[in-house]
Amino acid sequence: MSQTMLKVENLFCERDDRVLFDQLSFEVDGGEIVQIEGANGSGKTTLLRILSGLSRNYEGEIYWQGEPIEKVREEFRAELLYFGHQPGVKALLTPEENLHWYCALHASLDPARVQEALEQVGLRGFEDVPCHTLSAGQHRRVSLARLYLSDARLWILDEPFTAIDKRGVAAKEALIGRHVAQGGSVILTTHQDLQGSGAVRSINLDRQGERG
Amino acid sequence: MNQPLNPQRRPAIGMGALFAATLKRDLKLSLRRKSELVNPLIFFLMVITLFPLGVSPEPGFLAELAPGVIWVAALLATLLSMDSLFRTDFDDGSLEQLLLSPQPVMLVVCAKVLAHWMLTGLALTLVAPLISVMLFLPAEGVPGLMLSLLLGTPTLSLVGAIGAALTVGLKRGGVLISLLVLPLYIPVLIFGTGAVQAAVTGLPLDGYLALLGALLALGTVLAPLAIGAALRISVSG
């Protein structure tokens, strides 16, 4: 299963009169990991926000399974899992309540699997404490538990391993490997080298900036 | 483990469930943040308490001013609480997740505004009889006051939420909300106080209530669309 999931053509974005990328074109196929590389401030997060549909400050075309993305927004969102800089975890709610709300937002997810997902990220025993009492790494793990719940085909992960310990990172890499093996796609940024997740294609934004 | 990646998804059921879940979540969040919860009510009570001290404690004079004072205090109390409606969701990234949901944003927005109104507008309406005694509002005016607040404050929440959504991306949006939203609050204020005055003097208030109801109907239909669009702009920027 290697159909093209996401196709980007001639993407151009500038911020404060600085060109972040120009004529950026690439494709993401099913079963593929794409790592966006670049120095700090090179526009990695901006690119991921554009791809996920959060930011509309761009020129160029993005296609989801061959259709222009504006036309298939809802289908695209149903197939997307976005993990951003801000984990989207409410500090005053417990991990369980946070994930239940996420399940409500995505009707195809089964709330009964929340417990299992929390167990997978090592938060068993913390289901009922407010998230503000958790450590920074645990806080992010609450959000990462969404990866275990998700049935989305495209994962867009912005620095998913920040504040996660070594064992956690290995588990997440294995999870990403499984997702890709099932035909899903992953676009991510990270400053760590991905190990054991099979073929990783990289796109470097630094050269983009110079060319612009 | 992961479910098989299934292109044939379940249809978008669970809209009612999402509305209920969001309403419950927002109420729960407010109840865990008690200081913010009571802020509008305290403000409302303070204005009403201080007003007679500052102007005159003379009953006849106060009774004449009461409809306007209560309505202005309710309006400002709502406005004060508006800024926090989307602020924490924006800061912790929940807003991004909300906008990326395949479900309609309007639905979640409606639930959030309803939760906000239940803890401001509805609460203000419920304490209004007590307040009206403090300002010597004649007893005939109290039903009119409560009805007008009941119909008017949801409109204030809906319109205020548009301003909150537009300014949530700014570091200090509080002042800007007031500038954006106050002109739109004025009709509600005029018909709201009009209804109370009519009730006090024994005139029929159907007309005023019908106008407040019309404003509410218009707001309920149009405001969620505007709030959703405004949130997308704020997050995109």
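Residues numbered from 1 in each chain as written. Chains lettered and ligands numbered in written order. Predicted model: local features only at pLDDT ≥ 70, side-chain atom pairs only at ≥ 80, totals over all residues. Heavy atoms only, no water.

Under an unreviewed UniProt entry, the name given to chain B is Heme exporter protein B, and the organism recorded is Marinobacterium mangrovicola. Here chain B is described in UniProt, under the heading Function (unreviewed entry), as follows: "Required for the export of heme to the periplasm for the biogenesis of c-type cytochromes." Among the UniProt annotations of chain B, the heading Subcellular location (unreviewed entry) holds the following wording: "Cell inner membrane". (UniProt positions renumbered as here; feature names shortened; annotations may be inferred.)

Per an unreviewed UniProt entry, chain A goes by the name Heme exporter protein A and belongs to Marinobacterium mangrovicola.

### So, the overall build of chain A
Helix and strand counts for chain A come out as seven helices and nine strands. For 212 residues, the compact-globule estimate of 2.2 N^0.38 gives 17 Å, and the C-alpha radius of gyration of chain A, at 17 Å, lies within 12% of that figure. Across its three principal directions, the C-alpha atoms of chain A cover 50 × 35 × 30 Å. Burial status across chain A gives 57% buried among its 212 residues. Contacts in chain A between residues far apart in sequence, at least 24 positions, make up 70% of those at least 6 positions apart. For chain A, the exposed surface amounts to about 8,900 Å²; the carbon and sulfur share of it is 44%. Where the 23 positive side-chain charges of chain A centre and where its 31 negative ones centre are 3 Å apart. (Helix = DSSP H or I, 4+ residues; strand = E, 2+ residues; numbered from the N terminus. Rg over C-alpha atoms; globule rule 2.2 N^0.38 Å. Buried < 20%, exposed > 50% of the residue type's maximum accessible area, 1.4 Å probe, protein only. Contact = heavy atoms within 4.5 Å. Areas by Shrake-Rupley, 256 points an atom, 1.4 Å probe, with all protein chains shown as cover. Lys, Arg positive; Asp, Glu negative; His and termini not counted. Charge placed at Lys NZ, Arg CZ, Asp CG, Glu CD.)

### Examining the interface of chain A and chain B
Listed per partner, the contact involves 48 residues of chain A and 35 residues of chain B. Interface of chain A and chain B: buried area, both sides summed, is about 3,900 Å²; carbon and sulfur atoms make up 51% of it. Applying the counting rule to chain A against chain B returns five salt bridges. Across the chain A-chain B interface, the total number found is 16 residue pairs in polar contact (both at pLDDT 80 or more). Of all the secondary structure elements, the ones that give two or more residues to the side of chain A that touches chain B are helix H1 (44-52), helix H2 (73-78), strand E6 (80-83), helix H3 (95-105), helix H4 (114-120), helix H5 (136-149) and helix H6 (166-181) of chain A. The element best represented in the side of chain A that touches chain B is H3 of chain A, accounting for five residues. Split into classes, the residues belonging to the side of chain A that touches chain B amount to 19 nonpolar, 14 polar and 15 charged. (Buried area = accessible area lost by both parts, 1.4 Å probe. Salt bridge = Lys/Arg side-chain N within 4 Å of Asp/Glu carboxyl O. Polar contact = N/O pair within 3.5 Å; in protein donor to acceptor, adjacent residues only side chain to side chain. Nonpolar A, V, L, I, M, F, W, Y, C, P; charged D, E, K, R; others polar.)

### With respect to the sheet that holds strand E4 (residues 59-64) of chain A
All names here are of chain A. Taken in spatial order, the four strands of this open sheet run E2-E1-E4-E5, and their pairing is antiparallel. Of all strands in the sheet, those bounded by a partner on one side alone are strand E2 (18-29) and strand E5 (67-68). Relative to the sheet, H1 contacts strand E1 (4-15), E2 and E4, its axis offset from that of E1 by approximately 130 degrees. (Pairing = 2+ DSSP bridges. Axes fitted to C-alpha atoms, helices over the stretch in contact; angles between N-to-C directions.)

### Points about the UniProt feature "transmembrane region" (unreviewed entry) in chain B
Residue and element names in this part refer to chain B. With numbering matched to this structure, UniProt assigns "transmembrane region" (unreviewed entry) to residues 37-55, 61-80, 114-139, 145-168, 175-196 and 208-231. Annotated as 95% helix and 0% strand, the span residues 37-55 places its first and last C-alpha atoms 29 Å apart. Helix makes up 100% of residues 208-231 and strand 0%, and the two end C-alpha atoms of the span are 32 Å apart.

### Concerning the sheet that holds E6 of chain A
All names here are of chain A. The sheet built from five strands is open, its strands ordered E6-E7-E8-E3-E9 with parallel pairing. For this open sheet the edge positions go to E6 and strand E9 (200-204), each flanked by a neighbour on one side alone. Mean inter-strand twist for the sheet, computed between neighbouring axes without regard to direction, equals 15 degrees. Helix-sheet contacts for H1 involve strand E3 (33-37), E6, strand E7 (154-158) and strand E8 (185-189), and the interaxial angle to E7 is about 150 degrees.

### Quick notes on the domain arrangement of chain A
Reports of interface size often rely on the accessible area that becomes lost once the parts have come together. Residue and element names in this part refer to chain A. The domains assigned to chain A are domain 1 (1-79 + 153-212) and domain 2 (88-151). Each side of the interface is counted separately: domain 1 has 17 residues, and domain 2 has eleven residues. Of the roughly 1,100 Å² buried at the junction of domain 1 and domain 2 (both faces included), carbon and sulfur atoms supply 60%. Our count for the contact surface shared by domain 1 and domain 2 stands at one salt bridge. Across the pair Asp165 and Arg141 runs a salt bridge, and its minimum N-O distance is 2.9 Å. Run the count over domain 1 and domain 2 and you get three residue pairs in polar contact (both at pLDDT 80 or more). Of all the secondary-structure elements, those providing two or more residues to the side of domain 1 that touches domain 2 are E7 and H6. Counting residues per element, the side of domain 1 that touches domain 2 draws most heavily on H6, which supplies five residues. (Domains from an automatic or database assignment.)

### Notes on the packing of helix H3 (residues 59-82) of chain B against helix H8 (residues 141-167) of chain B
Residues and elements named next belong to chain B. Closest axis-to-axis distance for the H3/H8 pair is 10 Å, and the angle between their directions is 30 degrees. With respect to their mutual orientation, H3 and H8 come out roughly parallel. At the point where H3 passes H8, the crossing takes the right-handed sense. Of H8, the residues touching H3 (which contributes Ile70, Trp71, Ala74, Leu75, Thr78 and Met82) are Leu145, Ser148, Leu149, Gly152, Thr153, Leu156, Ser157, Gly160, Ala161 and Ala164. When its residues are assigned to classes, the contact of H3 with H8 shows ten nonpolar, six polar and no charged. (Parallel < 35°, antiparallel > 145°, perpendicular 65-115°, else oblique. Left-handed = near helix turned anticlockwise from the far one by under 90°.)

### A look at H1 of chain A
All names here are of chain A. The buried fraction of H1 is high, at eight of nine residues. Among the residues of H1, those classed as buried are Lys44, Thr46, Leu47, Leu48, Arg49, Ile50, Leu51 and Ser52. Phi turns positive, to about 95 degrees, at Gly53, one or two residues after H1.

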